[in-house]
Amino acid sequence: MRSRVDTGRQSQQPGSSSGSTTTTATSTTTTIATTSTTSGGGGGGGSSGGGGVLGGGAKRSSRRGAPGPVAVATESSSPPRTSSSSSGGGGGADGNRKRKPQGPHTLVSPDQLLPEGVDDSPVFAMSSSPSSSSSSSSYSSSSSPGSSAPPPPKKYRGASASASASAGAMEGGGGGGSDGGLGDKPLDHDEILKLIDEAPEIEALDKNTMRKMVLTLEKKINKATDTRAKYPDQEEKFIQDEIELAEEVRKLQVLATAPALYADFVQIGAPTSLLSLLSHENTELVADVIELLHELIDPDIVAESREAKSLVDNVLENHMLELLVQNVKRFKFGDDDNTINLTLEIFENIMEINPSTSETLGKETEVFQYLLGLLNQPGFGPIKLYGCELMSILLHNSENNIPRVGALNGIDALLVSIAEYRAKDPATAEEQEYLENSFNCICALLTDAKNQQTFDTVGQGLHLMIKLIKAKKSARRGALRVVDYQLQNNATSCKNFIEIGGLSTWFAAFMKKGVKKPVHGNAERQDDEHILGAIVSMFRYIEPASPLFSRLLAKFAENSFEKVDRLVELYMKYDATYREAVRTLEVNTKELLKTATPDEAEEIGAQLQMEKLDSGLFILQNICLVMSFLCTYEPTAKEHLKGVIRLRGITPDSLREVLQGYIDSLPADSPFTQFLHNKSLPSFL
């Protein structure tokens, strides 16, 4: 049963026209450009466009360049993974490159919708500079000669990056490349259907086809490896082989539509070959491999397919997490956000599939060093948001990760990241989410006693929290929560909080003085819970004979006992909502108990108690605890309290019932239980 003052409460939890493509080798990098033209029915250009009647729904992944005409059908027992939109979808940011099947065994790719004579295949050309000597290579998208199309936008969490403009017409899709696809006029519905009917059949993706693709990939890997080893300083010698290898990697993305083949994919050792490429010198090739892994490791697919689960198990056994963490450091924040984002998404997907991997990530990799490094990056961006969210997930999924982050000076890094919000509010909803995730991480870390000590001494965390509360900005609510967590089971911090002048700030928040933007509903109750929780901690952990304890009692006597009146006001407010919620809960529980077994009945009872706490019992218990301390140590406050509850029509028995229920939930032999039972309860009203 949840106990507020005995145990740390769990923190709440907390997207071009066709033409030849040139490749230019320079003194530092080699640029490999790939472009393709999509039809008007295919939606947005590049490889992620999914508009028109063939366009798919939104999906978080994206491609920087088109993988070429590799879409095929499946004859497996599992249906192809596709998504469609009745309104044609959008070929831009969220376009899905999976196409809707046009028959039981065919899947039309964008190039099949082009009129005869228009070539959509990527064309690779090479030109080299005599000064070219670097061994690193990079790919970038380019348009046909004479055009000035901008580079593809970066793709962040929750939104895909399209290689071209977004889709135009509802059914025609439009937007393929710089000139909008086949022409200035979008195709109408009949024209699209005609193109579909005339499209040739495509080879089905069965086991044999998949094996041929993997065999080709293996050959390309061996050839590219041998050529680079033979001519390590002559980029023009090996770059074409790596272009072809990258193309084969991108072609394998079609496997994501046939999860039934994953087991065969594992059996022939293909994942091992892909993972070996994560350490390749060419970071753009590594980016293609990361994108392929992201496509294949989908929690929704794994939940429905044993074959897909076998792939996840295989890549974990072959140290995929360690390799990804090692190699994500090679990508630059800001320049390579798309690849960094996909890597972080793989981590999140893996933890959703197998939560125990949170422990593996924290113990076997340097993921926390990397995530803390993201916090130190100047400014704000979606990658910082995602990195902070991922850290919060890792901390809440594995208790062992909490001291690990503390040992890496995680407390200090997080305090620095939120200190700037003392004088300003987040500019966007995303930045507000980032701030809340930062507070989530701090609260999770403060469940460890050593981290509490670091927060109070090295990090000067209590000083910062008081400043944030006084500033009355968006960070105020998070600061209230952090102080509550810091004072739990922590006598030293309770004393320090009073010594640095925290009481005046805290009780101003208790009385809601000077709040510019008051919150309501569940958010208001959470704030009241944290404020009362910290007061309970101070009453509990400061010695009654201490001058600090007297200062705490004096706060309730000042201004004609206005804080006592506030306690009664809060009790009446939350008691009314609690009793209404309990009536509904008990009716529902009574129905469940009619057919429940003894074990099920016990579980239902425990669940009912938790729901009662969440419905308002928790804050009522804290209110009654504060009242009991006042009745025990401050006679004048007790007399005032008795008069107020009599005036408000509250019976002392109802208050004693709440306090007794709390005492019954505690371990019977604990000193605090004995104090409440033998001293507080008898003197309570």
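What you see is a predicted model; the values in this text were computed from it and never measured.

*Asks:* What exactly am I supposed to notice about the overall build of the protein chain here?
*Replies:* Helix and strand counts for the protein chain come out as 27 helices and eight strands. Counting only residues that meet the buried cut, the protein chain has 54% of its 685 residues in that class. With an accessible surface of roughly 28700 Å², the protein chain has 50% of that area assigned to carbon and sulfur atoms.

*Asks:* Is there a simple way to explain helix 13 (residues 382-397) in this structure?
*Replies:* Quick reminder: α-helices carry 3.6 residues per turn. Residues three or four places apart thus point the same way. Between the first and last C-alpha of helix 13 there are 22 Å, a value that for 16 residues agrees with the 22 Å anticipated at 1.5 Å per step. A large share of helix 13 lies buried, amounting to 13 of its 16 residues.

*Asks:* Sorry if this is basic, but what is going on with the nonpolar core here?
*Replies:* Nonpolar side chains tend toward joint burial in soluble globular proteins. Residues Phe-265, Met-320, Met-465, Trp-506, Ile-535, Met-538 and Phe-539 are the most contacted members of the largest nonpolar core, which totals 164 residues. With 14 residues, the top contributor of residues to this core is helix 23 (residues 547-593). Ignoring any residue separated from it by four or fewer positions in sequence, one finds Phe-539 in contact with Phe-549, Leu-552, Leu-553, Phe-556, Val-626, Phe-629 and Leu-630.

*Asks:* How do you make sense of the side chain of His-280 when you look at a structure like this?
*Replies:* Mapped onto the elements, His-280 comes out in the loop between helix 5 (270-276) and helix 6 (283-296). A distance of 2.9 Å separates a polar side-chain atom of His-280 from the backbone nitrogen of Asn-282. Once you skip the residues sitting within four places of it in the chain, His-280 turns out to touch Arg-228, Glu-242, Leu-285, Val-286 and Arg-330.

*Asks:* In this structure, what is going on with the packing of aromatic side chains? I would like to understand it.
*Replies:* Any aromatic ring pair is given by two values, namely how distant the centres are and how the planes are angled relative to each other. Under the definition given, this model contains 11 aromatic pairs. With a centroid separation of 5.5 Å and an interplanar angle of 50 degrees, the aromatic rings of Phe-380 and Tyr-434 are classed as tilted. Taken together, the residues span a long stretch of sequence, with Phe-380 in the loop between helix 12 (367-375) and helix 13 and Tyr-434 in helix 16 (residues 429-445) at a distance of 54 residues. By relative accessible area, which is 31% here, Phe-380 ends up partly exposed. Classification of Tyr-434 as buried rests on a relative accessible area of 2%. Ring pairs connect the aromatic residues Phe-507, Phe-510, Phe-539, Phe-549, Phe-556, Phe-629, Tyr-633, Phe-672 and Phe-675, which therefore count as one cluster. A cation over an aromatic ring shows up here: Lys-237 above the ring of Tyr-231, its NZ or CZ 5.3 Å from the ring centre. Its guanidinium or amino end placed over the ring of Phe-672, Arg-540 lies 4.0 Å from that ring's centre, counting from NZ or CZ.

*Asks:* Mind showing me how you'd approach empty space enclosed by the protein here?
*Replies:* One water molecule sets the probe size; rolling that probe over the atoms shows where empty space is left. In this structure, the second largest cavity spans a volume of roughly 30 Å³. Around the second largest cavity, the lining residues are Phe-265, Pro-271, Leu-274, Leu-293, Leu-296, Ile-297, Leu-311 and Val-315. The set of elements that each furnish at least two residues to the lining of the second largest cavity consists of helix 5, helix 6 and helix 8 (306-317). Taken together, the residues of the lining of the second largest cavity sort by class into eight nonpolar, no polar and no charged.

*Asks:* Where do I start with the pattern of salt bridges in this structure?
*Replies:* One side chain can pair with another of opposite charge once the charged atoms of both are near each other. Following the criterion strictly, the structure yields 24 salt bridges and no others. Note that Lys-424 is salt-bridged to Glu-420, the shortest N-O span being 3.2 Å. Take Lys-424: its relative accessible area is 36%, and that puts it in the partly exposed class. By relative accessible area, which is 41% here, Glu-420 ends up partly exposed. Residue Lys-513 is joined to Glu-562 by a salt bridge in which the shortest nitrogen-to-oxygen separation is 3.4 Å. Of this pair, Lys-513 sits in the loop between helix 21 (502-510) and helix 22 (521-541) while Glu-562 sits in helix 23, and the two are 49 residues apart along the sequence. Classification of Lys-513 by relative accessible area gives partly exposed; the value is 43%. A cluster of three or more residues bridged by salt bridges with shared partners is formed by Lys-513, Lys-555, Glu-558, Glu-562 and Lys-563.

*Asks:* Teacher, can you tell me more about a negative patch on the surface here?
*Replies:* A contiguous patch of negative charge on the surface is contributed by Asp-599, Glu-600, Glu-602 and Glu-603. A relative accessible area of 61% places Glu-602 in the exposed class.

*Asks:* Please explain the packing of helix 21 against helix 22 as it appears in this structure.
*Replies:* Packed helix pairs are characterised by how far apart their axes lie and by the angle those axes make with each other. Contact geometry of helix 21 with helix 22 gives a least axis separation of 10 Å together with a crossing angle of 140 degrees. Accordingly, the angle class assigned to the pair helix 21 and helix 22 is oblique. Crossing of helix 21 over helix 22 shows left-handed handedness. Across the interface between the two elements, Leu-503, Trp-506, Phe-507, Ala-509 and Phe-510 of helix 21 pack against His-530, Ile-531, Leu-532, Ala-534, Ile-535 and Met-538 of helix 22. By residue class, the composition of the contact of helix 21 with helix 22 is 10 nonpolar, one polar and no charged.

*Asks:* Could you clarify how one ought to interpret the confidence of the model for the protein chain in this entry?
*Replies:* Parts of the prediction with low pLDDT should not have their coordinates interpreted in detail. The share of residues in the protein chain with pLDDT of 70 or more is 72%, and the mean pLDDT across the chain is 78. A low-confidence stretch, residues 1-183 (pLDDT under 50), is modelled with 515 contacts involving residues beyond four sequence positions or located in other chains.

*Asks:* Where do I start with the side chain of Ser-358 in this structure?
*Replies:* Tracing the backbone shows Ser-358 in helix 11 (residues 357-364). The exposure class assigned to Ser-358 is buried, which follows from its relative accessible area of 0%. Ignoring anything within four residues of it in the chain, the contact list for Ser-358 reads Met-351, Leu-394, Asn-397, Ser-398 and Asn-401.

Thresholds, definitions, all that
Residues numbered from 1 in each chain as written. Predicted model: local features only at pLDDT ≥ 70, side-chain atom pairs only at ≥ 80, totals over all residues. Heavy atoms only, no water. Helix = DSSP H or I, 4+ residues; strand = E, 2+ residues; numbered from the N terminus. Buried < 20%, exposed > 50% of the residue type's maximum accessible area, 1.4 Å probe, protein only. Areas by Shrake-Rupley, 256 points an atom, 1.4 Å probe, with all protein chains shown as cover. Expected span 1.5 Å × (residues − 1). Core = buried A, V, L, I, M, F, W, Y, C linked by side-chain atoms within 4.5 Å. Contact = heavy atoms within 4.5 Å. Polar contact = N/O pair within 3.5 Å; in protein donor to acceptor, adjacent residues only side chain to side chain. Phe/Tyr/Trp six-rings, centres within 6.5 Å; stacked < 30°, edge-to-face > 60°. Lys NZ or Arg CZ within 6 Å of the ring centre and 35° of its normal. 1 Å grid on protein atoms, 1.4 Å probe; cavity = no way out; pocket = protein on both sides within 12 Å on 5 of 7 lines; lining within 4 Å. Points joined across faces, edges and corners; volume = space filled by probe spheres on them. Nonpolar A, V, L, I, M, F, W, Y, C, P; charged D, E, K, R; others polar. Salt bridge = Lys/Arg side-chain N within 4 Å of Asp/Glu carboxyl O. Patch = residues over 30% accessible without salt bridge, like charges linked within 9 Å, V, L, I, M, F, W, Y side chains within 5 Å. Lys, Arg positive; Asp, Glu negative; His and termini not counted. Charge placed at Lys NZ, Arg CZ, Asp CG, Glu CD. Axes fitted to C-alpha atoms, helices over the stretch in contact; angles between N-to-C directions. Parallel < 35°, antiparallel > 145°, perpendicular 65-115°, else oblique. Left-handed = near helix turned anticlockwise from the far one by under 90°. pLDDT = per-residue confidence, 0-100.

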